[in-house]
Amino acid sequence: MISVQIVDDHNLFADSFSGTINESKFAHVTGVYYSLKSCREGLAKQLPDVILLDIEMGDGDGIEFCAEITKTYPALKVIMVTGFREFNIAKHALHNGAHGYIL
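Keep in mind it's a predicted model, so treat the numbers as computed, not measured.

Peer 1: Describe the packing of aromatic side chains, naming the residues involved and giving the relevant values.
Peer 2: Inspection of every chain in the model, using the stated rule, returns one aromatic pair. Between F13 and F17 the ring centres are 5.2 Å apart and the planes differ by 35°, which places this aromatic pair in the tilted class. Of this pair, F13 and F17 both sit in helix α1 (residues 11-23), four residues apart, which is roughly one turn of that helix. Judged by its relative accessible area of 36%, F13 falls in the partly exposed class. The partly exposed category is assigned to F17, whose relative accessible area is 24%.

Peer 1: Describe the nonpolar core, naming the residues involved and giving the relevant values.
Peer 2: V7, C39, I51, L53, I69, V78 and M80 are the most contacted members of the largest nonpolar core, which totals 20 residues. Counting residues per element, the ones that place at least two in this core are α2 (36-45), β3 (50-53), α3 (62-72), β6 (77-81) and α4 (87-95). Among the elements that take part in this core, α3 stands out by supplying four residues, more than any other. Apart from the residues lying within four places of it in its own chain, the contact partners of C39 are V7, Y33, I51 and F65. The next biggest cluster of nonpolar side chains, apart from the first, holds nine residues, and it includes I6, I21, A27 and V81.

Peer 1: Describe the pattern of salt bridges, naming the residues involved and giving the relevant values.
Peer 2: In the structure shown here, the tally under the stated rule is two salt bridges. Close ionic contact of E68 with R40 constitutes a salt bridge, the shortest N to O distance being 2.8 Å. Taken together, the positions of E68 in helix α3 and R40 in helix α2 put the pair 28 residues apart, joining distant regions of the chain.

Peer 1: Give a detailed account of the environment of I51, specifying residues and quantitative values.
Peer 2: Position of I51 among the secondary structure elements: in strand β3. When its relative accessible area of 0% is taken as the criterion, I51 is described as buried.

Peer 1: Report on the packing of α2 against α3, specifying residues and quantitative values.
Peer 2: At a minimum axis separation of 12 Å, α2 and α3 run at an interaxial angle of 10°. Relative to α3, the element α2 lies roughly parallel. Residues L36, C39, R40 and L43 of α2 lie in contact with α3, whose contacting residues are F65, E68 and I69. When grouped by side-chain class, the residues that make up the contact of α2 with α3 number five nonpolar, no polar and two charged.

Peer 1: Could you give an account of the pairing of β3, naming the residues involved and the relevant values?
Peer 2: What you see with β3 is no split at all: V50 and L52 on one side and I51 and L53 on the other are buried throughout. By the bridge criterion, four bridges tie strand β1 (residues 2-7) to β3 in an arrangement that is parallel. Within β3, the residue paired with Q5 across the bridge is I51. When β3 meets β6, the two strands line up parallel, connected through four bridges. Among the inter-strand pairings, L53 is bridged to a residue of β6, identified as M80.

The rules behind each value
- Residues numbered from 1 in each chain as written.
- Predicted model: local features only at pLDDT ≥ 70, side-chain atom pairs only at ≥ 80, totals over all residues.
- Heavy atoms only, no water.
- Phe/Tyr/Trp six-rings, centres within 6.5 Å; stacked < 30°, edge-to-face > 60°.
- Helix = DSSP H or I, 4+ residues; strand = E, 2+ residues; numbered from the N terminus.
- Buried < 20%, exposed > 50% of the residue type's maximum accessible area, 1.4 Å probe, protein only.
- Core = buried A, V, L, I, M, F, W, Y, C linked by side-chain atoms within 4.5 Å.
- Contact = heavy atoms within 4.5 Å.
- Salt bridge = Lys/Arg side-chain N within 4 Å of Asp/Glu carboxyl O.
- Axes fitted to C-alpha atoms, helices over the stretch in contact; angles between N-to-C directions.
- Parallel < 35°, antiparallel > 145°, perpendicular 65-115°, else oblique.
- Nonpolar A, V, L, I, M, F, W, Y, C, P; charged D, E, K, R; others polar.
- Pairing = 2+ DSSP bridges.

This is the structure we're talking about:
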């Protein structure tokens with residue numbers, strides 16, 4: 001099973017997404033974080049295979065956070081999950097270490 005952590009400041013979205021992933025039978029959610037700070041703390045304790053990361057977080061920029069965590073944990077796969085449709089934002093995310101970009 002693929003271990004997944006979700007980082008999104010929209011509780012309803014994060015919790016719903018978590019339920020969908022857990023029902024999939026190919027992945028399970030090992031953590032849901034509503035802030036970048038809590039995610040940093042969680043990663044120090046448990047490293048997942050994949051992080052689903054929102055771009056616009058209440059306590060910082062998800063794209064910059066992506067660069068930080070992929071530098072610290074190079075094996076970690078980060079997929080940005082966002083409503084931003086602009087090509088330049090997706091390009092910036094991929095340039096900063098994201099492995100995927102889901103609208």
